[in-house]
Each structure stands twice: as structure tokens, then as C-alpha cells.
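Listed here are the chains, written in short residue letters.
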Amino acid sequence: MNNLEIAKLLRSVAAAYQVNPATSSEPTSHFRIVAYQNAADAIEHLTSEVKDLWDDDKLREIPGVGNTIADYLDELFKTGKIKHFEEIMHDLPPAMFELMDVPGIGAKRALRLSRELGITRAHGALEKLIHAAEHGHIRNLEGFGEQLEKEILLSVKTVKERSKRLLLPFATIVAEEVVEYMQKHPGVEKIETLGSLRRRTATVGDIDIAVATNKPKEVIEHFAAYPKKNKLIEKGDSTSSLLLPGGVQVDLMVQPAQYFGALLQHFTGSKHHNIALRTYALKKKLSLSERGIKSGGRIEYFENEEAFYKRLGMDWIPPELRENDGEIELALLHQLPKLVELEDIKGDLHMHSNFPQETSHDAGTNQMEDYANMAVGLNYEYIGFTEHNLKSSTSEAKVLDVLKQKQELAEKLNLKLKIENLKLCIFNGLEIDITPSGKLALPENAFTTLDYAIVSLHSSFRGTKADQTKRVLEGLAHPKVRIFGHPTGRKLNNREGVELDWDKIFDYALKHNKWIEINSSPDRLDLPDTLARQAVKLGVKLIVDTDSHEISWLSGMRYGISVARRGWAEKKDVVNTLSLQEFEKILHST
DNA sequence: GCCGTTTTCGGCCCGACTGTTTTCAGTCG
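Residues numbered from 1 in each chain as written. Chains lettered and ligands numbered in written order. Predicted model: local features only at pLDDT ≥ 70, side-chain atom pairs only at ≥ 80, totals over all residues. Heavy atoms only, no water.

(A) Representation of the overall build of chain A. In terms of helices and strands, chain A carries 24 helices and 17 strands. On C-alpha atoms alone, chain A measures out to a radius of gyration of 27 Å, which is about the 25 Å that the 2.2 N^0.38 rule sets for 590 residues. Expressed as a percentage of its 590 residues, the buried residues of chain A come to 52%. Long-range pairs, those at least 24 residues apart, make up 67% of the contacts in chain A with a sequence separation of at least 6. Here chain A has roughly 27,800 Å² of accessible surface; of this, 51% comes from carbon and sulfur atoms. Averaged over its 77 positive side-chain charges, chain A has a centre that lies 3 Å from the centre of its 86 negative ones. (Helix = DSSP H or I, 4+ residues; strand = E, 2+ residues; numbered from the N terminus. Rg over C-alpha atoms; globule rule 2.2 N^0.38 Å. Buried < 20%, exposed > 50% of the residue type's maximum accessible area, 1.4 Å probe, protein only. Contact = heavy atoms within 4.5 Å. Areas by Shrake-Rupley, 256 points an atom, 1.4 Å probe, with all protein chains shown as cover. Lys, Arg positive; Asp, Glu negative; His and termini not counted. Charge placed at Lys NZ, Arg CZ, Asp CG, Glu CD.)

Here it is as C-alpha cells:
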């Protein structure tokens, strides 16, 4: 069972407790339900497989997993099932747990719909629900009505249409359009995109927007009239939600400007950060909400977030860190890291020009000189060209010949830049496949043409953790290799990354001056943020690259920086923040 | 069921919105 399946199982158990009249009358039952949901949450967000943690006897290290759930998971991995779970879910129709995927349907509605509409089997449950709604079978159930039936029909269709989360850059663009529209209304005093978008997670669920205004009604009306909307989901006094084409949901929250600090804080999340923050505040007899901070029945207001956090005795916490992963404790000690910024970047070492060579994978569309001009505009001090290695069918002599030409071209460009008195240095690199056997897809004598190499995985993503780790370590061993490119090989919404023993990879990188790439491609953002955090903790050097295949991609650097910041990286952790002189030194040292 | 810089017992974030009723339950973030 993988993590998502285990999380779903725990959620199902929580739901079973929720609808069970025997247990739900116990006073502590609500908290048991929450505990199962918390454990499910934690497991969903884990980077390592629960199975691997179990192998290493580390289940208890998962937050929200205590003795009881750890024992159940132990039973699961030993016997393939959990007796106690089977018992409490025994009388419940399996379809119920599928129906719960529909927004607006929780445990109780799911059970009633399942029983009263005769939808029992998990397979095809959503289709049957659509059928029932379309034929007006839901409106007559007690506690349901015509509105709810319509609601359910739309939600279930949305959930089927939208199984994928938005990639960060796409979400950014959609959000910017809505913000632009909202700013046309004179009542909008301040506006910010918040939620996971502000925290810069690799994929975004909903788009959250906050507005400061003293005309909440008018602002919400304006929002509800957004011309691109498919549907108005809800509209209240202080919040409203829209559905855009493609199943993109936009949530708006409005408050007077005096509340804006608390509003930003509340709406940025994450949920776990907020819960931890409120739990801490309660100990100080303070109660937090999106309006402000209540103390002894009196509420205090904050126009900005800095003041809000200060009132709690802590430094302002950058949104990227708000995941309840130690940031609150450090903010109290005034010891938060100073995160790397886009302006710190001095070069980009992974880009593909259109240099004519028969590469193993897709080539770039712009010539080297175009990239150089862009880089000068970005105030970079150095860049590196890393076209893919040539096709494996190419003869050794031809490979050497082509790569010598590329080397000469790069040198010529360096000369030209010098003559024009432009301070940009060109490095000549290559992105080389690590073949399934661990060999590099380049003949040894061709390495002499290169300043450095990136190695990466482009095929054979399956295979055991041990085998893949061995493959990567062998691939990294060549002295010209500096960078491990898009390390997990994941494609967001599309393909999981390879399984690797990161302790071993990071240890090797640390000892042999290898750098782990954060690849800024929108559908990669690879290294993932959680692994970046692990690398930073160990002192492993990161490099943020764009993997540009055309010059416009260079601006994607900011997304890679977001990942680095979510990994708690400071300037010192990222090698392409170094000046040219320092960078050359580290590039050539072993 | 989980958890500990007030606690190994006794707490557990907080408030919003909707639909269906008529004072609230269910759901969500």
C-alpha cells in the first residue's frame, strides 16, 4: 500500500467513527476522529514511503501517529489487513468512502446517500450518484432538497473533471488576472493572493485572495460578477467562492483594512501552521482569528502581519516556511533563516541552445548568443550551456568532433563578450544521461571538451531503491560531473519520481563536491521542497537552474527560488549565488 | 487517538457559509 492509499484508509476509519452511533456518543469520539484525519494528513504530505519508515522502525516519527495507529500500521504491513478497521467498517457500504471525495459530501451525507439510493459498490459510485441527481432522486431525501441536489451534481462533475492540481506558474497567472479585475473596483484598498499560492507550493489546490475594504458587500458583488466564472459557489458577508473553467476554484475573503494583518495571516495558512500558532497563543490566553487577537474579551487589530506576529512575541515568518516544521519555535527565538532571494542569483548553469547536434532528447530553440544577451539583462555573471548528449548511435569520432565545435563556439562567444566589455562568462557543459546500468552516455575522450557536466535520469524510472541509488552514485562519480539534474525525475500530475536513498546521495554529494539541482521547469520543480530542506540541513550544496529550452524560460528562475526558500535555503546553500570568481573556484575543485 | 517550555492527564483552532428548518447540522478551509 502506498501513502495515498494508507491516508485514504485512515480517512475512511475517521468517517466510520463519525457515522457510528455507538462510538459517536462517547465524549472523546470527536477527537479520535480528528486524530485519524490528522494522521491521514501527515501521511499524505510525507516524502518517504510509510512502508520504508516501517522497515526502519520509524513509524512513530510521523506527526500524528502515536502508539495505537503505529500498531495498526504494523499489523497492516505484516498481515496485509487491519482487523479492527475491518470490524468498524464492516457494516458500511464501500461506496460511501468514494462519495466523500465530492466537495460538500462528508461522512454523514455519504452514508445516507449510499444507503438510501442503494449505491453500495465503490466502483462506479460517482457515476451512480450523477444518475440519481439527474433523475431527481436526491431532492426527496429528508434533509436534502432541490438546491443540495443541484449542488451535488455540479460538485461531482467538477471532481471528475479536475483530478489534477494547478502547477504553480499557471495558478500564478490565473490569480493575477483575478487580482487585476478586482483592482478595478474602487472599494478595494489592499489585495493579496494568499493560501498555498503565497506559500509557493509546487502545486496549488485553490486560489485564495484577500481584500481590505470598507465596502465588503460591493466588493463581494463585484467578485461574484467575475465574467470568466463558470459558477458562483457561495456568497456570504465576508467570503465568496467562484468556480472558473477547468475546475479552478477561487476563494475571496474581505475585511476592513484594520483587520488586514490578521486576515493575511489566517488566509495564508498553512492549516497546520495556524493550528500550531493558535495552540501556542492559547497558552498565553490569546485567541486568534482572521479578525485579530482576542485577549480577555477584548480584540486587538493589526494592519499588517509583522505586527500580528510581534504581538505573539515572534518574528514575522516568511510564508514559504509556514508548514509547522519548526518555524514557530525559531521565530520565538528570533533565529529564522535569512532565505535566498531571486536577486542573489548570479548565473544559470542548465540551458539548452539550438546548437546543431543530434541530441538524445529535445534541443533548445534559441542560439547561444540570444541566451547571453538575456543573461546580461538579468545581471548574471555566468551561464552554462548543457545540451543533451548525442544519440547513442553516433560514432565516438563524430561525438568528439561535434563537441569540439560546440566548445569553440562557446569560446568565441566568450571572446565577443569580452570585446564588447560585457561581464558575462560562458561555461561549456553537457547534460548527460545516466543509463540504467549507471554508465554515462558519453565516451570518455569527449569529457575533455567540457567545463562541467550535469547528469540526470531520462529513462527507466522504475526499479528498486537500492538499484537506482547505485545507478545514480555511479553516474555522479566522474570528476567532470558537478550537478545532479532534476534529481527525482518527477513530472507533476504525471509521474512519480524515482525512489532513491537520499541519505546516501546527499552524503556522497557532500563529500565529493557534487551539487543537487533545483530544476525550475513548471512541471518538475525538482528537487522537491521537502528534500531540499533535508539537503540544507545536511549542508549539501544546491544549484537552482531553469533548464531553459528557449530564452523566455529564463524568467522561470523565480519558481526554483520558491522551492529553495521552502527548503529553508539561505544564500550560502546555493552555489549559483557565488560571484564568478568564487564560482570558478568551486567548479574546478574536487 | 495524540501529545507535552503550565499537563503522562486532560485538554484538543476557530469561524464561515449553505440548506433545510425555525435553531441547527453538515461541511469546509
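(B) Highlighting the protein's contact with DNA strand B. Within the structure, DNA strand B sits among 46 residues, and Gly66, Gly104, Gly106, Gly145 and Lys235 are positioned closest to it. By atom count, sugar and phosphate contribute 78% of the portion of DNA strand B lying within 4 Å of the protein. Gly106 has a polar backbone atom sitting 2.5 Å from a phosphate oxygen of DNA strand B. Take Arg278: an N or O atom from its side chain is 2.6 Å from a base oxygen of DNA strand B. (Near = heavy atom within 4 Å. Polar contact = N/O pair within 3.5 Å; in protein donor to acceptor, adjacent residues only side chain to side chain.)

(C) Highlighting the packing of helix H20 (residues 465–476) against helix H21 (residues 502–511). Between H20 and H21, the least distance of the axes is 10 Å, while the angle of their chain directions is 10°. If you check the angle between H20 and H21, you find them roughly parallel. Two secondary-structure elements touch here, H20 through Thr469, Val472, Leu473 and Leu476 and H21 through Lys504, Ile505 and Tyr508. Grouping the amino acids of the contact of H20 with H21 by side-chain chemistry returns five nonpolar, one polar and one charged. (Axes fitted to C-alpha atoms, helices over the stretch in contact; angles between N-to-C directions. Parallel < 35°, antiparallel > 145°, perpendicular 65-115°, else oblique. Nonpolar A, V, L, I, M, F, W, Y, C, P; charged D, E, K, R; others polar.)

(D) Focus on helix H9 (residues 125–134). By the burial criterion, the buried members of H9 are Ala125, Leu126, Leu129, Ile130, Ala132 and Ala133. When H9 is viewed along its axis, its buried side chains cluster within an angular range of 165° and face the same direction. Gly136 sits one or two positions beyond H9 and adopts a positive phi of about 70°. (Arc of directions from axis to C-beta.)

(E) Representation of the sheet that holds strand E11 (residues 347–351) in the model. What the seven strands build is an open sheet, ordered E11-E12-E13-E14-E15-E16-E17; its pairing is parallel. Every interior strand has two partners, whereas the edge strands, E11 and strand E17 (542–545), have only one. Sheet twist, expressed as the average angle between the axes of neighbouring strands with direction ignored, equals 30°. Two elements, strand E14 (residues 452–456) and strand E15 (residues 481–484), share three bridges in a ladder whose sense is parallel. Bridge pairing in E15 places Val455 opposite Phe484. (Pairing = 2+ DSSP bridges.)

(F) Region of interest: the pairing of E15. Between the parallel pair E14 and E15, the chain is carried across by H20, and the sense of this crossover is right-handed. Where E15 and strand E16 (residues 515–519) come together, two bridges link them in parallel fashion. Bridging across to E16, Ile483 finds its partner in Trp515. In this fold, E15 hands off to H21, which returns the chain to E16; that crossover is right-handed. (Right-handed = clockwise from strand over helix to strand, strands pointing away.)

(G) Spatial organisation of the environment of Ile543. As for its position among the elements, Ile543 is in strand E17. What makes Ile543 buried here is its relative accessible area of 0%. The spacing of Ile543 and Ile561 is 18 residues in sequence and 9.8 Å in space, taken between C-alpha atoms. Residues contacting Ile543, with those up to four places away along its chain left out, are Leu349, Ile483, Trp515, Ile516, Glu517, Ile518, Val575 and Asn576.

(H) Structural view of the packing of helix H18 (residues 368–377) against helix H19 (residues 396–419). At a minimum axis distance of 11 Å, the contact between H18 and H19 shows a crossing angle of 40°. Taken together, H18 and H19 sit at an angle that is classed as oblique. Between H18 and H19 lies a crossing whose hand is right-handed. For the pair H18 and H19, contact is made by Met368, Glu369 and Ala372 and by Lys406, Leu409, Ala410, Leu413 and Lys416, respectively. (Left-handed = near helix turned anticlockwise from the far one by under 90°.)

(I) Local environment of the domain arrangement of chain A. Taken domain by domain, chain A holds domain 1 (3–162), domain 2 (164–255), domain 3 (270–336) and domain 4 (345–587). Relative placement of domain 3 and domain 4: their C-alpha centres are 40 Å apart. Taken together, the contacts link eight residues of domain 3 with five residues of domain 4. Carbon and sulfur atoms make up 52% of the area that domain 3 and domain 4 hide from each other, which totals about 590 Å². Seen at the junction of domain 3 and domain 4, the total is three salt bridges. Across the pair Arg566 and Glu323 runs a salt bridge whose closest N-O atoms are separated by 3.1 Å. (Domains from an automatic or database assignment. Buried area = accessible area lost by both parts, 1.4 Å probe. Salt bridge = Lys/Arg side-chain N within 4 Å of Asp/Glu carboxyl O.)

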